[in-house]
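Below are the chains, spelled out letter by letter.
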Amino acid sequence: MKKLAACEAMILRYGADILESSNMQMEKMFMQHGDVSVFEHSVIVACVCLLIAGYLHIRVNHRALVRGALLHDYFLYDWHVPDKSHRLHGLFHAQKACENASRDFELGEIEKDAIRKHMFPMNLRPPKYRESVIVCLADKICATGETLRMPYCRNVKENLGILREKDEAL
Ligand SMILES: [Fe+2]
Ligand SMILES: [Fe+2]
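In this text, all values refer to a predicted model and were calculated from it rather than measured experimentally.

Caption draft 1: Region of interest: the overall build of the protein chain. Looking only at helices and strands, one finds nine helices and two strands in the protein chain. What you see for the protein chain is a C-alpha radius of gyration of 14 Å, in line with the 15 Å of a compact globule of 170 residues. Across its three principal directions, the C-alpha atoms of the protein chain cover 45 × 35 × 30 Å. Every one of the 170 residues in the protein chain was classed for burial, and the buried ones make up 41%. Sequence separation of 24 or more characterises 66% of the internal contacts of the protein chain that already satisfy a separation of 6 or more.

Below is the structure:
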């Protein structure tokens, strides 16, 4: 639990502006996997990224890791709604997320790489930086856990204040 609190503090330290932004808040209305919204998924992925880096003692740029993770699915639509523009979502949403995130936030090369390449190997270009490899890995762990409603994802979701305080400022 102490580790989750440390992750949460780091997510707020480096990503508060992203979490407060109106588009990110809109992500609360878009479902991602199972009963998890895109907003919740993005926060859980950021948390799991920090846990992976911590457990494996990987030296990372924490700011880039958190911001890349929070924005990796910033495609800003509900992919369950049938629409021509949502076709082949799996293939194209990483690029769309990167375009939207670059428009709304100032991003460095690591964040852009993490967002653009998080769907590797479905998107063929592999992640270039340690941080983008971690985002890619954490996304798969979380997507599987959320879809199958596995306890580790539920545990992270239920114990992060950012996600519990759904109707407050963040
Ligand atoms: Fe994604
Ligand atoms: Fe994702």
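Caption draft 2: Helix H8 (residues 151-159), seen in detail. Where H8 is concerned, the buried positions are Cys 153, Val 156 and Lys 157. What you see down the axis of H8 is that its buried residues fit within an arc of 95 degrees, all on one side. Opposite the buried face of H8, at more than 90 degrees from it, the exposed residues are Pro 151 and Glu 158. On its buried face, H8 sits against helix H1 (2-20), strand E2 (36-37), helix H3 (38-55), helix H7 (130-147) and helix H9 (161-164).

Caption draft 3: Spatial organisation of the packing of H3 against H8. At their nearest, the axes of H3 and H8 sit 10 Å apart, and the two run at 105 degrees to each other. Put simply, H3 runs roughly perpendicular to H8. Contacts between H3 and H8 involve Glu 40, Ile 44, Cys 47 and Val 48 from the former and Cys 153, Val 156 and Lys 157 from the latter. Residue classes in the contact of H3 with H8 are distributed as five nonpolar, no polar and two charged.

Caption draft 4: Main features of the packing of helix H4 (residues 62-71) against H7. For the pair H4 and H7, the least separation of the axes is 9 Å and the interaxial angle reads 40 degrees. Classed by the angle they form, the pair H4 and H7 counts as oblique. The chirality of how H4 crosses H7 is right-handed. In contact with Ala 64, Leu 65, Gly 68 and Ala 69 of H4, H7 contributes Glu 131, Ser 132, Ile 134, Val 135 and Ala 138. Residue classes in the contact of H4 with H7 are distributed as six nonpolar, two polar and one charged.

Caption draft 5: Geometry of H1. The sharpest bend along H1 comes to roughly 70 degrees, located at Tyr 14. Residues of H1 that are buried in the fold lie against helix H2 (22-26), H3, H4 and H9.

Caption draft 6: Representation of unusual backbone geometry in the model. With an omega of 5 degrees, the peptide bond between Phe 120 and Pro 121 qualifies as cis. Despite not being glycine, Arg 149 has its phi angle at roughly 50 degrees, a positive value. With respect to the helices and strands, the residue Arg 149 is situated in the loop between H7 and H8. A count of 12 C-beta atoms within 10 Å places Arg 149 in the exposed class.

The rules behind the values
- Residues numbered from 1 in each chain as written.
- Chains lettered and ligands numbered in written order.
- Predicted model: local features only at pLDDT ≥ 70, side-chain atom pairs only at ≥ 80, totals over all residues.
- Helix = DSSP H or I, 4+ residues; strand = E, 2+ residues; numbered from the N terminus.
- Rg over C-alpha atoms; globule rule 2.2 N^0.38 Å.
- Buried ≥ 20, exposed ≤ 12 C-beta atoms within 10 Å, placed from the backbone.
- Contact = placed C-beta atoms within 7 Å.
- Arc of directions from axis to C-beta.
- Axes fitted to C-alpha atoms, helices over the stretch in contact; angles between N-to-C directions.
- Parallel < 35°, antiparallel > 145°, perpendicular 65-115°, else oblique.
- Nonpolar A, V, L, I, M, F, W, Y, C, P; charged D, E, K, R; others polar.
- Left-handed = near helix turned anticlockwise from the far one by under 90°.
- Bend = angle between axes of the 7 residues up to and from the residue.

Nothing here speaks to function; it is all geometry.
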